Amino acid sequence: MARQSFTAAQILTAAQMTTLQDSVWSDDVNTQTGTSYTLVLTDSGKQVTMSNASASTLTIPPNASVAFAVGVRIQVIQLGAGAVTLTAGAGVTVSSLSTSLILGQYQVATLIKQATNTWIANLGGSGGAADSDQGILASQIFG
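The structure reproduced in this document is the subject of the present report. (Residues numbered from 1 in each chain as written. Predicted model: local features only at pLDDT ≥ 70, side-chain atom pairs only at ≥ 80, totals over all residues. Heavy atoms only, no water.)

## What about the sheet that holds strand S2 (residues 36-38)?
(1) Moving on: Reading across from one edge, S2-S4-S6-S8 is the order of the four strands in this open sheet, with mixed pairing throughout. Either end of the sheet is taken by a strand with one partner, and the two such strands are S2 and strand S8 (102-103).
(2) Moving on: With five bridges connecting them, strand S4 (residues 56-60) and strand S6 (residues 84-88) associate as parallel partners. The partner of serine 56 across the bridge, within S6, is valine 84. (Pairing = 2+ DSSP bridges. Helix = DSSP H or I, 4+ residues; strand = E, 2+ residues; numbered from the N terminus.)

This is the structure:
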């Protein structure tokens, strides 16, 4: 979502509110049961669940293929028994404090787009430790 400029006492339109809501977090879930998945634009702000007994791969595509807005967050939740490997598409950089981008069962990762082809992966422990709405600042939403 492009940064919005608002003035004092301005009333937001329904379209602006919808865009704002979609850009932050959504309760919508995109359920994936296969062994490979590449993120799509409609995953913005959603939860993508991965549920397969075999190992699987989730790919973060380059901006040239899928132009997510900078600041977009996507939660990846591993529900299946097989490990999920987070993979950077061609030209994409994924940085993380974790030395591994592999999710175990019930582990959650929050992906945050920082620049054109740069993402941060916050891998939490089991039980959703990466879920934190408190990390969203008003300046990130309103510029």
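After that view of the structure, there is still more to cover.
## Quick look at the side chain of threonine 49
(1) Moving on: Counting through the fold element by element, threonine 49 comes out in strand S3 (residues 47-50).
(2) Moving on: Not counting chain neighbours up to four residues away, the residues in contact with threonine 49 comprise Val29, Asn30, Thr31, Gln32, Ile77 and Leu79. (Contact = heavy atoms within 4.5 Å.)

## With respect to the environment of leucine 39
(1) Moving on: You can see leucine 39 is positioned in the loop between S2 and S3.
(2) Moving on: Judged by relative accessible area, which is 1%, leucine 39 ranks as buried.
(3) Moving on: Among residues more than four places away in sequence, those in contact with leucine 39 are Val48, Leu58, Thr59, Ile60, Pro61, Val66, Phe68, Ile74 and Leu111. (Buried < 20%, exposed > 50% of the residue type's maximum accessible area, 1.4 Å probe, protein only.)

## Details of unusual backbone geometry
(1) Moving on: In this structure, alanine 9 takes a positive phi of about 70 degrees despite not being glycine.
(2) Moving on: Looking at where alanine 9 falls in the secondary structure, it is placed in the segment before helix H1 (14-24).
(3) Moving on: Overall, alanine 9 belongs to the exposed group, its relative accessible area being 80%.
(4) Moving on: One non-glycine residue, tyrosine 106, lies in the positive phi region at around 70 degrees.

## Regarding the packing of aromatic side chains
Any two aromatic rings considered together are summarised by their centre-to-centre distance and by the angle between their planes.
(1) Moving on: Under the defined criterion, the tally for this structure stands at one aromatic pair.
(2) Moving on: The interplanar angle of 90 degrees and the centroid separation of 5.4 Å between the aromatic rings of phenylalanine 68 and tryptophan 119 together place this pair among those described as edge-to-face. Of the two residues, phenylalanine 68 sits in the loop between S4 and strand S5 (73-78) while tryptophan 119 sits in strand S10 (residues 118-126), which places them 51 residues apart along the sequence.
(3) Moving on: Given the relative accessible area of 1%, tryptophan 119 is considered buried. (Phe/Tyr/Trp six-rings, centres within 6.5 Å; stacked < 30°, edge-to-face > 60°.)

## A word on the side chain of glutamine 32
(1) Moving on: Within the element layout of this structure, glutamine 32 appears in strand S1 (residues 29-32).
(2) Moving on: Contacts of glutamine 32, omitting those with residues within four sequence positions, involve Tyr37, Val48, Thr49, Met50 and Ser51.

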